[in-house]
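Survey of secondary and tertiary structure
If you want the building blocks of each chain, they are given just below.
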Amino acid sequence: MTTQTQPPRPEPLEVIIVGAGFAGVCAGIKLKERVTNNFVILEKAAGVGGTWWHNTYPGAACDIQSHLYCYSFEPNPNWTRKYSGQAEIQAYIERCVDKYGLRDHLRLNSEVIEFAWSETEKLWHARLAEETLTARHIIFASGGLHLPAYPDITGMEDFSGESMHSAQWNHDVEFTDKTVAVIGSAASAVQLIPELAEVARQVDVYQRTPNYISPRNDRSYSKLEQTLFTRWPWLNRLYRQLIFMRGEWLVFPIVKTRHASRWRQRAQHMVKKRIRASVDDPATCEAMIPEFPLGCKRILIADNFYDAINRPNVSLQTAGIARIQSEGIVNTEGETLPADIIVYATGFDLEGYMRQTEVTGPGGIKLSEAWSDMPQAYKGGFISGFPNFYMTTGPNTGVGSTSVVYMIEAQLGLILQAIEKTRGGGTIAVREEAQNRYNHDIQSALQETVWAGNCSSWYKREDGRIPSLYPYDARTFLRDHQELVEEDFEVSVS
């Protein structure tokens, strides 16, 4: 159900929320509880769900366990699997929209082209295709897993068959008995390749870099387990906490330091041993064993990927891609491999999504200019020079060992405190020196993590700086977002 009829709201709006995924929906719920009813949620897509609306490729599922990948205030005792699939997660967000009365605040198919600050009015103007809205505050809650990143390969436009990115799946394309080239072998690839291998005549997997892939150990929840979680909510909360602490105690220490630790070496050995035990062909096996430290790139989880690689209709291609032509792919060894369909499983533009909407602040300064060197913010949500403008998953908010929903709730707690400081009018903006101090600490701490190691990844820039990840554990993030440090902000109340 995705109705588009809303009662008129007085302008200026108190808040405009951008995005109707986990972050935007959570922002709406918390605004209604604590601050105001005078807000809208603008969503460029035709439905809610964010990442889980856009990513509908076969096998799409979450890498975080279901009971942690939901709001702390809205547990779901009826998750059907340990790791939920796309449809079930998207349905959960839909239920939250209905339960908390957000339909009347929701505007679908409403993409913001530009935000511009009016110094005289102390308001943000949001320009859409056919109208302009005004608001005192902006919560930019658009996540990073929807803007596709394409590789730079000569001849991509010359291919005569069907092609698609995993984040823009074309369900009208028939894969049965076709030769499919999958470019990429990371998070989305390890989920969709087993599904395609079931129906395609041939699947060629183009791997640039091998990955550490741990077992998912997925399973269904029994009716008894669902009943117990429903009857005793404390049991559900305890189970969630155990999942969370596993990430804090077992997963986070792998990335905590760039120097080899006994625990990381042990985990690294276990994953490599699993690869050798799972992949039948010796040459393919060796090509799939990473040489970089565990955790330097994203650690993947899958139960059926190695089984798919062993299938006679699946081939791992490790030679580089020289170009794409009408009938298929030419590798760097001069071999032409025919393809009917090309799937780009090449991830997302995690910096580009933050710059996708033009934001013009006081004095005409644009966010793209302020971030010309690198995106940075104070505590991931506040940007110097841009009053009353907040991000839920801004720079340096990725932990890599817990649920992004946990991080979103912590971030919104701080954002709502900022909005409450100016209730009735006024502005709040982080001081430049506070932002610089915070980012110096973050970047210094990141240099001590495995992410700053010798391997190249989408985490790290060529100069070694890391704009997306947070160097401490999730509990530290929560503690750091408990209270607004007033001396770090300039507050003007009307």
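For the structure itself, consult the block above.
Cut-off values and rules
Residues numbered from 1 in each chain as written. Predicted model: local features only at pLDDT ≥ 70, side-chain atom pairs only at ≥ 80, totals over all residues. Heavy atoms only, no water. Salt bridge = Lys/Arg side-chain N within 4 Å of Asp/Glu carboxyl O. Helix = DSSP H or I, 4+ residues; strand = E, 2+ residues; numbered from the N terminus. Buried < 20%, exposed > 50% of the residue type's maximum accessible area, 1.4 Å probe, protein only. Pairing = 2+ DSSP bridges. Right-handed = clockwise from strand over helix to strand, strands pointing away. Polar contact = N/O pair within 3.5 Å; in protein donor to acceptor, adjacent residues only side chain to side chain. Patch = residues over 30% accessible without salt bridge, like charges linked within 9 Å, V, L, I, M, F, W, Y side chains within 5 Å. Areas by Shrake-Rupley, 256 points an atom, 1.4 Å probe, with all protein chains shown as cover. Axes fitted to C-alpha atoms, helices over the stretch in contact; angles between N-to-C directions. 1 Å grid on protein atoms, 1.4 Å probe; cavity = no way out; pocket = protein on both sides within 12 Å on 5 of 7 lines; lining within 4 Å. Points joined across faces, edges and corners; volume = space filled by probe spheres on them. Nonpolar A, V, L, I, M, F, W, Y, C, P; charged D, E, K, R; others polar. Contact = heavy atoms within 4.5 Å. Phe/Tyr/Trp six-rings, centres within 6.5 Å; stacked < 30°, edge-to-face > 60°. Lys NZ or Arg CZ within 6 Å of the ring centre and 35° of its normal.

This brings us to the pattern of salt bridges. It is possible for side chains of opposite charge to pair when their charged atoms get near one another. Summed over the entire model, instances satisfying the criterion amount to 26 salt bridges. Residues Asp63 and Arg298 are paired through a salt bridge, measuring 3.0 Å at the closest nitrogen-oxygen approach. With Asp63 in the loop between α2 (51-54) and α3 (86-99) and Arg298 in the loop between α8 (282-287) and β11 (300-301), this pair connects stretches of sequence that are 235 residues apart. As a salt-bridge pair, Glu74 and Lys99 come within 2.9 Å of each other at their nearest N and O atoms.

Of all the 5 residues making up strand β9 (residues 202-206), 4 are buried; the element is thus mostly covered by neighbouring parts of the structure. Bridging between strand β8 (residues 179-183) and β9 involves 5 bridges; their strand directions are parallel. Following the sheet pairing, Val180 is matched in β9 by Val203. At this point the chain moves from β8, through helix α4 (residues 187-197), to the parallel β9, and the crossover so formed is right-handed. Looking at chain direction, β9 and strand β12 (residues 314-317) are connected through 4 bridges and run parallel. In the strand pairing of β12, Val205 is matched with Leu316.

Right, let's talk about the side chain of Arg103 for a bit. Residue position: Arg103 is located in the loop between α3 and β3 (106-107). The class for Arg103 is buried, based on a relative accessible area of 7%. Here Glu94 takes part through its side chain, which lies 2.4 Å from a polar atom of the side chain of Arg103. A polar atom in the side chain of Arg103 sits 2.7 Å from the side chain of Asp98.

Let's shift gears to a nonpolar patch on the surface. On the surface, a cluster of nonpolar side chains totalling about 430 Å² of accessible area is made up of Trp232, Trp234, Leu238 and Leu242. Along the chain, the position of Trp232 falls in the loop between α5 (223-231) and α6 (233-256).

Moving on, we get to the sheet that holds strand β13 (residues 321-325). Backbone-to-backbone hydrogen bonds join strands into a sheet, with any given pair of strands oriented parallel or antiparallel. The 3 strands are arranged β13-β14-β15 in an open sheet whose pairing can be described as antiparallel. Both outer strands of the open sheet, β13 and β15 (336-338), are each paired with one neighbouring strand and no more. Averaged over neighbouring strand pairs, the angle between their axes works out to 25° when direction is ignored. Pairing of β13 with strand β14 (residues 328-331) involves 4 bridges; the strand directions are antiparallel. Among the inter-strand pairings, Arg323 is bridged to a residue of β14, identified as Val330.

Here we come to empty space enclosed by the protein. By the definition in use, this model includes 1 cavity of 30 Å³ or more. Estimates place the volume of the largest cavity at around 50 Å³. What lines the largest cavity is simply Ser185, Gln207, Pro210, Asn211, Ile213, Met288 and Phe305. When its residues are assigned to classes, the lining of the largest cavity shows 4 nonpolar, 3 polar and no charged.

Tracing the backbone shows Asn331 in strand β14. Judged by relative accessible area, which is 3%, Asn331 ranks as buried. A polar side-chain atom of Asn331 sits 2.9 Å from the main-chain amide nitrogen of Glu333. Residue contacts for Asn331: discarding those within four places in its chain leaves Ala319, Gly320, Ile321, Ala322 and Leu337.

Throughout the structure, instances matching the rule amount to 27 aromatic pairs. Between Tyr71 and Phe73, the aromatic rings sit 4.9 Å apart at their centres with planes inclined by 5°, giving stacked as the arrangement. With a relative accessible area of 22%, Phe73 lands in the partly exposed category. Geometrically, the ring pair formed by Tyr378 and Phe382 is edge-to-face, given 6.2 Å between the ring centres and 65° between the ring planes. The exposure classification of Tyr378 matches that of Phe382, with both residues buried. An aromatic cluster is defined as three or more aromatic residues linked by ring pairs; in this entry it consists of Phe22, Trp52, Tyr69, Tyr71, Phe73, Trp79, Tyr92 and Tyr100. We note Arg216 situated over the ring of Tyr83; from NZ or CZ to the ring centre the distance is 5.0 Å.

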